[in-house]
Amino acid sequence: MRFSKWHALGNAYLLVERRELPEPLSMEAVRRLCDARYGLGADGILEIVDVRGPEADLAIWNPDGSRAELSGNGARIAACWLARRSGVAFPRLRVGERVLSARVEGDEIEVDLGPAEVGRPEVLEIEGERLEFVPVSIGNPHAVFRREPTRDELLRLGPLVERHERFPARTNVQLVRVDGPGELTVAVWERGAGETLSSGSSAAAAAAAAQAHGWSDCPISVRLPGGTVTVDVRENRVVLSGPVAEIARGETV
């Protein structure tokens, strides 16, 4: 299998083209490929299903073998790959029902992720504690908590919230601190992946919640453990900007 490996602020993905796969990807194959000891190591796989000049269809796999409805970082990586392949600066991606428009300037990639649905605050009861969060959907589910984004708290709450009965399809989890006007610090627990250095859709969800509930105005610099991205909400459409990098290309044996 031919592949390239990329990262967006430490959020690493393998990118493959379906037409070059020796056999269709399966849950077991994805788990093996994403395993750092027995495979190539990654936070997921970006499968290019079809390419039509400056447009491509994209399927996104989580490292546990499940499918993701959207990945902000994955979309930025795929957009950069497509721009290089097609020689265009404004590639377009179809991910499920969403069509994402991108702008590529070198390794800086901006992607319009589409509309954000931000709900009213809700309360979860976890281990006897009542915790307020904001539900957000950007094609995939998020639970945004405004609380100190320490690693210990993330590792404690992340798996409990991800699999809480409130979220039958599981959810991504963000712990958010407002650092000032237009500045957030966010810790991320990704559905199907766990603790993650960076997540584009999580940054977008945190910024959308902050803008909708008056925590901060846009554009917003979102600091993640792996680095900083910029999120703007324009007429309820979430635009994510930041760097990506290609790490390697190769073939499996």
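Reference entry: report on the structure contained in this document. (Residues numbered from 1 in each chain as written. Predicted model: local features only at pLDDT ≥ 70, side-chain atom pairs only at ≥ 80, totals over all residues. Heavy atoms only, no water.)

## Let's talk about the pattern of salt bridges
By the definition in use, this model includes 31 salt bridges. We note a salt bridge from R19 to E20, for which the minimum N-O separation is 4.0 Å. Accessibility expressed as a relative area gives 61% for R19, which makes it exposed. Between E153 and R156 there is a salt bridge whose closest N-O contact spans 3.0 Å. Taken together, the residues span about one helical turn, with E153 and R156 both in helix α3 (residues 151-162) at a distance of three residues. According to the relative accessible area criterion, E153 is buried, its value standing at 16%. Judged by its relative accessible area of 29%, R156 is partly exposed. Here the residues in one salt-bridge network are R2, E17, R19, E20 and R85, joined through shared partners. (Salt bridge = Lys/Arg side-chain N within 4 Å of Asp/Glu carboxyl O. Buried < 20%, exposed > 50% of the residue type's maximum accessible area, 1.4 Å probe, protein only. Helix = DSSP H or I, 4+ residues; strand = E, 2+ residues; numbered from the N terminus.)

## Topic: the environment of R237
Secondary-structure assignment places R237 in strand β18 (residues 237-243). Through-space distance from the C-alpha of R237 to that of I60 is 21 Å; in sequence the pair is 177 residues apart. Those residues in contact with R237, other than ones at most four positions away along the chain, are D112, G114, P115 and D232. At 3.0 Å, the side chain of R237 and the side chain of D112 are in polar contact. (Contact = heavy atoms within 4.5 Å. Polar contact = N/O pair within 3.5 Å; in protein donor to acceptor, adjacent residues only side chain to side chain.)

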